[in-house]
Amino acid sequence: MGSLRNLKTLKLGGNLLRGNIPDEIGNLTKLNSFSLPQNMLSGRIPYSLLNLKELQELELTENNLSMDIPAGIGILTNISILALGKNKFTGGIPSSLQNSKTLETLR
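What comes next is a walk through the structure. Remember, it's a predicted structure, so these values are computed and weren't measured experimentally. (Residues numbered from 1 in each chain as written. Predicted model: local features only at pLDDT ≥ 70, side-chain atom pairs only at ≥ 80, totals over all residues. Heavy atoms only, no water.)

**Focus: the sheet that holds strand E8 (residues 88-89)**
The strands making up a sheet associate through hydrogen bonds between their backbones, and the pairing can be parallel or antiparallel. Put simply, the rule is: At least two bridges found by DSSP between two strands is the condition for calling them paired. Secondary structure elements are taken from DSSP: a helix is a run of H or I of four residues or more, a strand is a run of E of two residues or more, and numbering for both begins at the N terminus.
With parallel pairing, 4 strands are arranged side by side in an open sheet as E2-E4-E6-E8. Unpaired on one side and paired on the other, strand E2 (18-19) and E8 mark the two borders of the sheet.

As structure tokens, this is what we get:
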């Protein structure tokens, strides 16, 4: 998946995908929409996701993701939709999101 460098939209909701989100996702630097809701993904959100500076929508609701939400998620300066509900995250909402000028929806 990491070799699809021109990919702008990745939406694979409701497909019973299992396992971790691969670190190679950070290679998709043109991605503006990353949506994998209603799957069976586990593990943590990979830190490589913070390389996606064009990302406007991140939706990972209804999975089995755990650990902390990456503290630096606020560096995604184009993010307008952040939907992470119905997972098993620990910790709180990262304070880096307080400075977001583009965030419109937080779920």
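More follows now that the structure is in view.
**Digging into the pairing of strand E4 (residues 40-43)**
Here E2 runs beside E4; their pairing, made up of 2 bridges, is parallel. Residue Arg18 lies in a different strand from E4, and its bridge partner there is Met40. As paired strands, E4 and strand E6 (residues 64-67) are joined by 2 bridges and run parallel to one another. Bridging from a neighbouring strand, Gly43 pairs with Leu65 of E6.

**Describing the sheet that holds strand E9 (residues 105-106)**
Spatial strand order, E1-E3-E5-E7-E9: 5 strands in an open sheet with parallel pairing. Only two strands of the sheet have a single partner each, and these edge strands are strand E1 (9-11) and E9. Of the pairings in the sheet, the one linking E1 to strand E3 (residues 33-35) comprises 3 bridges and is parallel in character. Bridge pairing in E3 places Thr9 opposite Ser33.

**Remarks on the pairing of E6**
Sheet topology places E6 next to E8; 2 bridges connect them, and they run parallel. Residue pairing across strands places Ser66 opposite Lys88, the latter belonging to E8.

**Quick word on the environment of Leu10**
Where we set the bar: Only heavy atoms matter for contacts: two residues are in contact if any of them lie within 4.5 Å across the pair.
Within the secondary structure, Leu10 sits in strand E1. In the structure, Leu10 is positioned 22 residues away from Asn32 in sequence and 8.5 Å away in space, judged by C-alpha atoms. Setting aside residues up to four positions removed in sequence, Leu10 forms contacts with Met1, Ile25, Leu31, Ser33, Phe34 and Ser35.

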